[in-house]
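Chains, contacts and geometry: an overview
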Amino acid sequence: MPPSTAPLSLRSHAPRDPHSVSAWSLIKPYWVSKEWRIAWTLLIAIIAMDLVTVRITVFLNSWSAQFYNALQTKDVRDFPHLMIVFSGIVAALIVLFVYRRYLSQMLGFRWRQWLTDQFLREWLGERAFYRIERDRLADNPDQRISDDLQSLATTTLSLSLDLLSTVVTLVTFIFILWTLAGALTVTLGGKPLVVPGYMVWAAALYALGGSFVMQKLGHPLVSINYQQQRVEADFRFGLIRVRENAEQIAFYDGMRTEENNAKTIFARIRDNWWRIMKYTKRLSFVLSFYSNIAFIFPIAVAAPKYFAGAYTMGVLMQVRSAFSTVSDSFSWFINSYGTLVEWRATVNRLREFKRVIHTTHLKESVLPATEHGGINLHFVDAPTLTTRGLKLALPNGTPLTTIGDVAIEPGSRWLVRGASGAGKSTLLRAFAGLWPFGDGAIDAPVDAHMMFVPQQSYLPIGTLKAALAYPAPADAYDDEACREALRTCRLEDYAARLAESAHWTRVLSPGEQQRLAAARVLLHKPDFLFLDEATSALDAENEARIYRLFDEHLPKTAIVSVAHREALAAFHPHTLEVERSGERAVA
Ligand SMILES: Nc1ncnc2c1ncn2[C@@H]1O[C@H](COP(=O)(O)OP(=O)(O)OP(=O)(O)O)[C@@H](O)[C@H]1O
């Protein structure tokens, strides 16, 4: 078996440049998918609510002028009326706020669900997930599918909706501020200079200046955030491995090593976090300076006209609130900077992931698998599985072994032997279409049911029946057939526990797991059965019994066994010797 212990990102050979998949190609497909109707309806409803909110804010702005004027002139008659109007405005804003959030959560989730379906299909389909792990093409796919897709959907939605309502607000309030504040006349070099809409220019300069400083100071955060997501996922993956291998670690007394390993990975989180803190500190200085100054800045700019008697108190307040709205809108970039940075990091990770998934699909389905030609797997209308000039190589092209021409007839029994590391499991991978590295061809009978049973079979967490029926669904076999298969493989005690749910890999002993795998074979009745040391944990008597069962129940099934035990030769009239980088020998 290939060694595989280092953290994934350390082993990652993924090309660095993710630019061949654009951000747009991640975002667009949902909006033109089958779900487009509901997606656009929700989006339009949210935008409509945003526009109504802007309209109400405009109304609130003119209300504020009347309100402050009423206060200044101590107008007791108008005051209660203005308070009632305000209650109406607040009620409308509350309803809009609640339903806008509700609908955007709904849309965000629907989009995420759609994206998850797509990515799951592409990742699991065509075995891209296997190739990604085998060739170490991308780190932490689980994180990309669970966290990154969620953040792509929700953040893209919130950022773009925010941007849209900001632009609408900006345009509306620029108009209000322009008309309200009027022009300012300044004397330059003895000549009077009229600046029309001077408060708008002041707000724009104020916000653009802030955004410029923010971008200058904060741009390294994009790559640091990308790195943070990666090291967090590595850390989590390391802890999951401890959980999954708890018993082995406890037997080896490997706790201190595990603790040190976890601390080493955590040190990378810490180092990266210091960098995040350093840049966030700089940004916080700018942000806090900026937001505090925003309180007084508009009044300072409007003061000359107020003292000259051009504005009443109400107009001054209205100008101030319009100025804040305009400069807030201009500052959209500054306020969303943190979110934009995380969004960029997420998008880059997904672009890289999508590119890797697509490349692996292309690489093995269209192009030759290696520069040495690659193993071509054909499906032919013949009952025999044959190899023609088959040579296996490592992914880097180093020759591994030569298999040559072999014909595996239905019902035949083959024992594959050879030293450890010679390439026996790799040969089975090639039969399964999982190993394209090498030369020659494999002709596999079309529609033949092939089953590969490794030393430790995968048992899904769930009912014993589901574990037994895997990869078929639990209801593919009736209970009595399942119980009979278990009893035949001497698992009588478990025959009554079919409906029990458990983490069966932890419950069953390795020998019991191998007998469960044998029972699975009896249920599935494959045409070709490949056993990779699948009975190694059994005593000689039980092992022989399993092979006799196969002879009895599966006479038409071709069986190819990879095994070291001599005793198994009695069950296999044919032998295939696999020698590392040497000549093949067929007996
Ligand atoms: N994904 C991989 N990347 C690089 N090398 C690999 C990979 N998978 C297997 N190998 C190498 O290919 C060689 C053959 O491995 P294989 O698992 O086929 O050996 P084997 O004959 O089944 O050995 P054993 O009897 O010990 O199970 C080994 O040297 C192994 O390290």
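Residues numbered from 1 in each chain as written. Predicted model: local features only at pLDDT ≥ 70, side-chain atom pairs only at ≥ 80, totals over all residues. Heavy atoms only, no water.

**Comments concerning the site of the ligand**
Threshold: Only a single heavy atom is needed: when it lies within 4 Å of a molecule or strand, its residue is near that molecule or strand. Here a polar contact is taken to be a pair of N or O atoms separated by no more than 3.5 Å, where protein atoms must pair a possible hydrogen donor with a possible acceptor and residues adjacent in sequence count only if both atoms sit in side chains. For the accessible areas, the method is Shrake-Rupley and the probe is 1.4 Å, while residue cover comes only from the protein chains on display. Think of it this way: any DSSP run of H or I at least four residues long counts as a helix, any run of E at least two long counts as a strand, and we number them from the N terminus. Under the scheme applied here, ten amino acids are nonpolar (Ala, Val, Leu, Ile, Met, Phe, Trp, Tyr, Cys and Pro), four are charged (Asp, Glu, Lys and Arg), and all others, including Gly, are polar.
The immediate surroundings of the ligand are formed by 19 residues, with Ser420, Gly421, Lys424, Ser425 and Thr426 found nearest. The separation between an oxygen atom of the ligand and a polar side-chain atom of Arg580 is 2.9 Å. For the ligand, the accessible surface in isolation is 640 Å², of which the surrounding protein chains cover 82%. In terms of residues, the shell around the ligand owes the most to one element, helix α14 (residues 424–431), which gives 4 residues. Broken down by class, the residue content of the shell around the ligand amounts to 8 nonpolar, 6 polar and 5 charged.

**Overview of the pattern of salt bridges**
Operational definition: Each reported salt bridge corresponds to a side-chain nitrogen of Lys or Arg within 4 Å of a carboxyl oxygen of Asp or Glu. Exposure is judged per residue with a 1.4 Å probe applied to protein chains only, and the accessible area is read against the type maximum: over 50% gives exposed, under 20% gives buried, and values in between give partly exposed.
In this structure the tally under the stated criterion is 23 salt bridges. For Arg270, the salt bridge goes to Asp271, with nearest N and O atoms at 3.3 Å. Arg270 sits in the partly exposed class, given a relative accessible area of 42%. Of the charged contacts, one joins Asp443 and Arg388 as a salt bridge, the two residues approaching to 2.9 Å between their closest N and O atoms. One end of the pair, Asp443, is in strand β7 (residues 438–445); the other, Arg388, is in strand β4 (residues 385–393), and 55 residues separate them in sequence. On the basis of relative accessibility, which here comes to 10%, the residue Asp443 falls in the buried class.

**Overview of the packing of helix α6 (residues 141–181) against helix α11 (residues 313–330)**
Helix packing geometry: the angle between the two helix axes and the distance between the axes. Worth spelling out the cut-off: What counts as an axis is a line fitted to C-alpha atoms, over the stretch in contact for a helix, and the angles between N-to-C directions run from 0 to 180 degrees. The hand of a helix crossing depends on one turn: near helix anticlockwise from the far one by less than a right angle means left-handed, and clockwise means right-handed. When checking whether two residues touch, look at their non-hydrogen atoms; a contact exists if any pair is within 4.5 Å.
In contact at an axis separation of 9 Å, α6 and α11 are set at 145° when each is read in the N-to-C sense. In this structure, the crossing between α6 and α11 has a hand that is left-handed. Contacts between α6 and α11 pair Thr166, Thr169, Leu170, Phe173, Ile174, Ile176, Leu177, Leu180 and Ala181 from the former with Val315, Gln318, Val319, Ala322, Phe323, Thr325, Val326, Ser329 and Phe330 from the latter. Residues that form the contact of α6 with α11 fall into these classes: 13 nonpolar, 5 polar and no charged.

**Observations concerning empty space enclosed by the protein**
Stated formally: Cavity and pocket criteria rest on a 1 Å grid covering protein atoms alone: a 1.4 Å probe that fits but cannot get out defines a cavity, protein on both sides within 12 Å along at least 5 of 7 lines defines an open pocket, and an atom within 4 Å of a point defines a lining residue. Grid points are joined across faces, edges and corners, and a volume is the space filled by probe spheres set on the points.
Applying the stated criterion across every chain, the model contains 2 cavities of 30 Å³ or more. There is about 50 Å³ of room inside the largest cavity. Around the largest cavity, the lining residues are Val453, Gln514, Ala517, Ala518, Val521, Leu531, Ala534, Thr535, Leu538, Ile546 and Phe550. Of all the secondary structure elements, the ones that give two or more residues to the lining of the largest cavity are α19 (510–524) and α20 (540–553). Looking at which element gives the most residues to the lining of the largest cavity, the answer is α19, with 4 residues. Here the lining of the largest cavity is composed, by residue class, of 9 nonpolar, 2 polar and no charged. For the second largest cavity, the calculated volume is near 40 Å³. Around the second largest cavity, the lining residues are Ile403, Val406, Ile408, Trp414, Val416, Leu427, Phe431, Val560 and Leu576. Those elements that provide at least two residues to the lining of the second largest cavity are β5 (399–408), β6 (413–417) and α14. At 3 residues, β5 tops the list of elements feeding residues into the lining of the second largest cavity. Here the lining of the second largest cavity is composed, by residue class, of 9 nonpolar, no polar and no charged.

**A closer look at the confidence of the model for the chain**
Quick note on the threshold: On a range of 0 to 100, pLDDT expresses the predictor's confidence in each residue.
Per-residue pLDDT for the chain averages 87, and the proportion of residues at 70 or more is 93%. Considering only residues more than four positions removed or in separate chains, one finds that residues 1–19, a stretch of pLDDT under 50, has 36 contacts.

**Focus on a nonpolar patch on the surface**
Cut-off, in case you're wondering: Only residues above 30% relative accessible area that lack a salt bridge enter a patch, with like-charged residues linked at up to 9 Å and the nonpolar side chains Val, Leu, Ile, Met, Phe, Trp and Tyr linked at up to 5 Å.
Judged by side-chain polarity, Ile94, Val95, Phe97, Val98, Tyr99, Tyr102 and Met106 come together as a nonpolar surface patch covering roughly 700 Å² of accessible area. Residue placement: Ile94 occurs in helix α4 (residues 78–124).

**Details of the packing of aromatic side chains**
Geometry of an aromatic ring pair is reported as the spacing of the ring centres plus the angle between the planes. The condition that has to hold: Note on aromatic pairs: the rings of Phe, Tyr and Trp (six-membered ring only in Trp) are paired at centre separations within 6.5 Å, and the planes decide the class, stacked below 30 degrees, edge-to-face beyond 60, tilted for the rest.
Considering all chains together, one arrives at 25 aromatic pairs under this definition. Put simply, the rings of Tyr30, Trp31, Trp40, Trp111 and Trp114 touch in pairs and so form one group of aromatic residues.

**Thoughts on the domain arrangement of the chain**
To be explicit about the condition: Each domain's limits were defined by an automated method or a database of domain assignments. When two parts are brought into contact, each loses some accessible area as probed by a 1.4 Å sphere; the total of that loss over both is the buried area.
We note that the domain assignment places domain 1 (8–365) and domain 2 (376–586) within the chain. Taken over C-alpha atoms, the centre of domain 1 sits 52 Å from the centre of domain 2. In this assembly, domain 1 packs against domain 2 so that about 670 Å² is buried in total across both faces, 45% of it on carbon and sulfur atoms. Considering only the surface of domain 1 that becomes buried against domain 2, Arg127, Tyr130 and Arg134 emerge as the three largest contributors, covering 59% of it. If you look at where domain 1 meets domain 2, you find 1 salt bridge. Residue Arg506 pairs with Glu244 through a salt bridge whose shortest N-O separation is 3.8 Å. For the pair domain 1 and domain 2, the number of links is 3 residue pairs in polar contact (both at pLDDT 80 or more). Across the side of domain 1 that touches domain 2, the residue classes break down as 1 nonpolar, no polar and 6 charged.

**What to know about helix α7 (residues 198–218)**
For an α-helix, 3.6 residues make a turn, and residues three or four places apart therefore share a direction. Just so we agree on the cut-off: Take the number of residues in a helix, subtract one, and multiply by 1.5 Å to get its expected span.
Here α7 contains 21 residues, and its C-alpha end-to-end distance of 30 Å stays within 8% of the 30 Å for a straight helix at 1.5 Å per residue. Residues of α7 that are buried include every one of Tyr198, Met199, Val200, Ala202, Ala203, Ala204, Tyr206, Ala207, Gly210, Ser211, Met214 and Gly218, and no others.

**Considerations on the sheet that holds β5**
Short version of the rule: At least two DSSP bridges between two strands are needed for those strands to be called paired.
Taken in spatial order, the 4 strands of this open sheet run β3-β7-β4-β5, and their pairing is mixed. Two strands bound the open sheet, and with one partner strand each, they are β3 (376–380) and β5. The average undirected angle you get between the axes of adjacent strands in this sheet is 15°. In the sheet, β4 pairs with β5 via 7 bridges, with the strands oriented antiparallel. Its bridge partner lying in β5, Thr386 is registered against Ala407.

**Some words on the environment of Leu107**
Structurally, Leu107 can be placed in helix α4. In this structure Leu107 touches Tyr30, Trp31, Ala39, Leu42, Leu43, Ile46 and Leu157, once residues within four positions along its chain are discounted.

**Some thoughts on the UniProt feature "transmembrane region" (unreviewed entry) in the chain**
Our working rule: UniProt positions are given in the numbering used here, feature names are shortened, and annotations may be inferred rather than shown by experiment.
Mapped onto this numbering, the UniProt entry gives "transmembrane region" (unreviewed entry) at residues 38–59, 79–99, 159–181, 193–214 and 283–303. With 100% helix and 0% strand, residues 159–181 has its two end C-alpha atoms placed 31 Å apart.

**Quick look at a positive patch on the surface**
Let me state the cut-off plainly: In summary, the charge assignment counts Lys and Arg as positive and Asp and Glu as negative, without counting His or the chain termini. Think of each charge as sitting on NZ of Lys, CZ of Arg, CG of Asp or CD of Glu.
Taken together, the side chains of Arg275, Lys278, Lys281 and Arg282 present a region of like positive charge at the surface. Mapping Arg282 onto the fold places it in helix α10 (residues 255–307). Since its relative accessible area comes to 36%, Arg282 is described here as partly exposed.

**Brief notes about the pairing of β6**
The two faces of a sheet get side chains in turn, since along a regular strand they alternate between them. Across the 5 residues that make up β6, a large majority, 5, are buried. A two-sided burial pattern is seen for β6, the buried positions comprising Arg413, Leu415 and Arg417 on one face and Trp414 and Val416 on the other. Note that β6 and strand β12 (residues 558–562) share 4 bridges and pair parallel. Bridge pairing in β12 places Arg413 opposite Ile559.

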